[in-house]
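The chain contents come next:
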Amino acid sequence: MDDTVSFDASLPTVHAKTWRQAERQDTEYPPRLTSYQAPRGNPISFILERFEFSGGQSVDTAEYPFNGLWSNERLNEKPQALHITGFIRGPEYITARNTLIESLRVSTDDETPGFLDLPFWGRFPVVVTDYTLSEKTDEKGQCSLRLECKRAGVAGIDRVVSSTTTTIRTAVKALQEAEIITFKQRLEDNLDTNTLVQGFSQVRSVLLSILGRVQAAQTSLNTITNTINALSSLIAQGIRSPQEFARAFFNAAVSIFAGLLEIKNSVNSYEDFSSYPAPANANERNVLLQFLSASTFTLEGSTATVPQQNTKEAIEQCYRIGALCMASQIIVQLGVISFQTAHGYWTLLQHLEASINQDNPELYAAIEDVRMSVSQELVAKELSTEVHRTFMIPLPLLAMAQYVGCDADKLQELNRVADSFVIKGEVIYV
C-alpha cells in the first residue's frame, strides 16, 4: 500500500456537458432519474425536486487588542454536504418507498460509502447522515423525501499511514479482525445481553474519559465524541450483536488515534507558519498512558451466572486488545523520545500484552505480529545512540545545543525543557 493518503475532493465527472444531454431528453431515451445506491445494493430511483451542494473552508480568526483588528488563517476545506428533496410517485410507490428506506438503513462510512447519482452533477460517494420520508392524506400515490449526506472522505485508520509504517498498521488491523471473530465465537452460545449492554456502556464512558484528557478545538473533539457515541446508538437501536459492539468499539478507539494525528499535524502547521511558538502538546503521552494502564481494566458489577461471567471477561479482553492496538501505534509515531522513556513505554506495553488471554492461536499470532512491528520501529529510531552529559553551570538552550552539536529543537524535546534560558544538570542528546 502507498505511504500517502490518496483523496480527491474535486467534483465527479458529469454525465454530459449540456443539461439536455445530461437529462437524456432525446426521444429515444427516458429522462435520467436521481438514484441512491447502498453499499453492495442496487440503485433506487426517485424524482428530484431540489438539490443543494454546500462546502466552504474552516478559518481560524485571531483578534488583537488595542485596535490590532484581526487576522484570518485558512485551516482546511469543510466537508462537502449534499441536501436532497424529492418524491417517490406511482401506483407501486409504497414498494419503492420501503425499498429506499431499507437502502438508506444500510451502514455507510468512508470505506463503504453509498452512491448518489444526479443527472446534472454525476455520481457522488456519500455517507448518509439523515433522511425523512413524509406523506399527506390529500396527496395519495406519492411521498416526499428529504435526504442529507456528506461526501465520503478518508477513513481515520487510512490517515495513520502517513505517520505510521504500513507494517504496524497492517498488524493492528489484523489483530482487530482476529479479536472481532474471537469475541463473536466466545459469546455465540454463552452470552448475557444485559451484561453486554452494561459492559460496553462502561467502555464508552472510559473512552470519553480518555478523550477528556485531550486538548484540542471543540470541533475536533466533537467528531471523535460522535464516533464513540456509536456504542450508545447500537444500544438505543436494540442491537445485541457481539460482533457489532466489538467493531464499534475498535472504530471509536481508532477515531481517538486518528484525532491525535490530526491535532498533531495542526500544531506542526501552526509552528511552521507562525512567528509564535506552538502550544505545548501532551495529548499523545496522556492518551498513551491511559491505554497502557488497561492491564488492570475490569468492569464494575458482580456476576451471578456463567453467561454473565463469560460476557464480562470477553468485554474486558476486547478492551485490553483495543488498548494494545492504540498504544502500539501511538508509541511508533511519537516524535523524539529518550531511551529511558521508550524503555518505560515498552515495559508497560509488555505488561498490557501479558494481561490478555492468548489461548486462541490466531489471536496469539496477531499479537505477536504487533509486538514485532513495534519492536522493529523502536530499533529503527536508534535510541541507543543517545549520550548523557552533566552541566554544572546554567546555560541557555542555544548555547548548550551549539556545545554538544545537537539540534536545539531535538534537545528541548528529549529533555522536556520548560525554561530554555536556564538549563542545569544532566542533559540527553544524540
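Sequence order as written defines residue numbering, which begins from 1 separately in each chain. In keeping with the model being predicted, local features are shown solely for residues with a pLDDT of at least 70 and side-chain atom pairs are shown and tallied solely at 80 or more, while totals for entire chains, interfaces and linings include all residues. In computing side-chain values, all of the structure's heavy atoms are included and hydrogens and water are not.

### Brief notes about the side chain of Thr195
Each helix is a run of H or I in the DSSP string that is no shorter than four residues. Each strand is a run of E no shorter than two, and both are numbered from the N terminus. Here Thr195 lies in helix α5 (residues 193-211). Two residues qualify as a contact provided that any one of their heavy atoms is within 4.5 Å of a heavy atom in the partner residue. Every residue in contact with Thr195, bar those within four places of it in the chain, is listed here: Gln308, Thr311, Lys312 and Ile315.

### Quick look at the packing of aromatic side chains
Where two aromatic rings form a pair, the distance of their centres and the angle of their planes describe that pair. Pairing of aromatic side chains here covers Phe, Tyr and the six-membered ring of Trp, requires ring centres within 6.5 Å, and sorts the geometry by plane angle: under 30 degrees stacked, over 60 edge-to-face, intermediate tilted. Taken as a whole, this structure holds nine aromatic pairs when the rule is applied. Aromatic side chains Phe249 and Tyr319 sit 5.8 Å apart centroid to centroid with 40 degrees between the ring planes, which places their arrangement in the tilted category. Here Tyr319 lies in helix α10 (residues 306-333) and Phe249 lies in helix α8 (residues 242-273), a separation of 70 residues in the sequence. Three labels apply to residues, based on accessible area from a 1.4 Å probe with only protein chains included: buried if under 20% of the type maximum, exposed if over 50%, partly exposed otherwise in between. The exposure class of Tyr319 is buried, given its relative accessible area of 3%. Between the aromatic rings of Phe297 and Tyr319, the centroid separation amounts to 4.2 Å while the plane-to-plane angle is 35 degrees, which identifies the pairing as tilted. Pair noted here: Phe297 is in the loop between α9 (283-292) and α10 and Tyr319 is in helix α10, with a separation of 22 residues, a long-range link. Three or more aromatic residues joined by ring pairs make a cluster, and in this case those are Phe51, Phe53, Trp121 and Phe124. We call a charge positioned above a ring when the Lys NZ or Arg CZ atom is no farther than 6 Å from the ring centre and deviates by at most 35 degrees from the ring normal. Lying across the ring of Phe87, Arg89 places its NZ or CZ 4.7 Å from the centre. Above the face of the Phe115 ring, Arg123 is positioned so that its terminal group lies 4.0 Å from the ring centre.

### Let's talk about the pattern of salt bridges
Whenever Lys or Arg places a side-chain nitrogen within 4 Å of a carboxyl oxygen from Asp or Glu, that contact is recorded as a salt bridge. Following the criterion strictly, the structure yields 10 salt bridges and no others. We note a salt bridge from Arg146 to Asp130, for which the minimum N-O separation is 3.4 Å. You can see Arg146 sitting in strand β8 (residues 142-151) and its partner Asp130 sitting in strand β7 (residues 122-134), a full 16 residues away along the chain. According to the relative accessible area criterion, Asp130 is partly exposed, its value standing at 34%.

### As for the confidence of the model for the protein
The pLDDT value tells you how sure the predictor is about a given residue, anywhere from 0 up to 100. Residue-level pLDDT values for the protein average 81, and 78% of them are 70 or greater. In this model, residues 161-165 is a region of pLDDT below 50 whose contacts with residues beyond four sequence positions or in other chains number 12 contacts. Across residues 269-280 the pLDDT falls below 50, and counting only partners more than four positions away or on other chains, this stretch makes seven contacts in the model.

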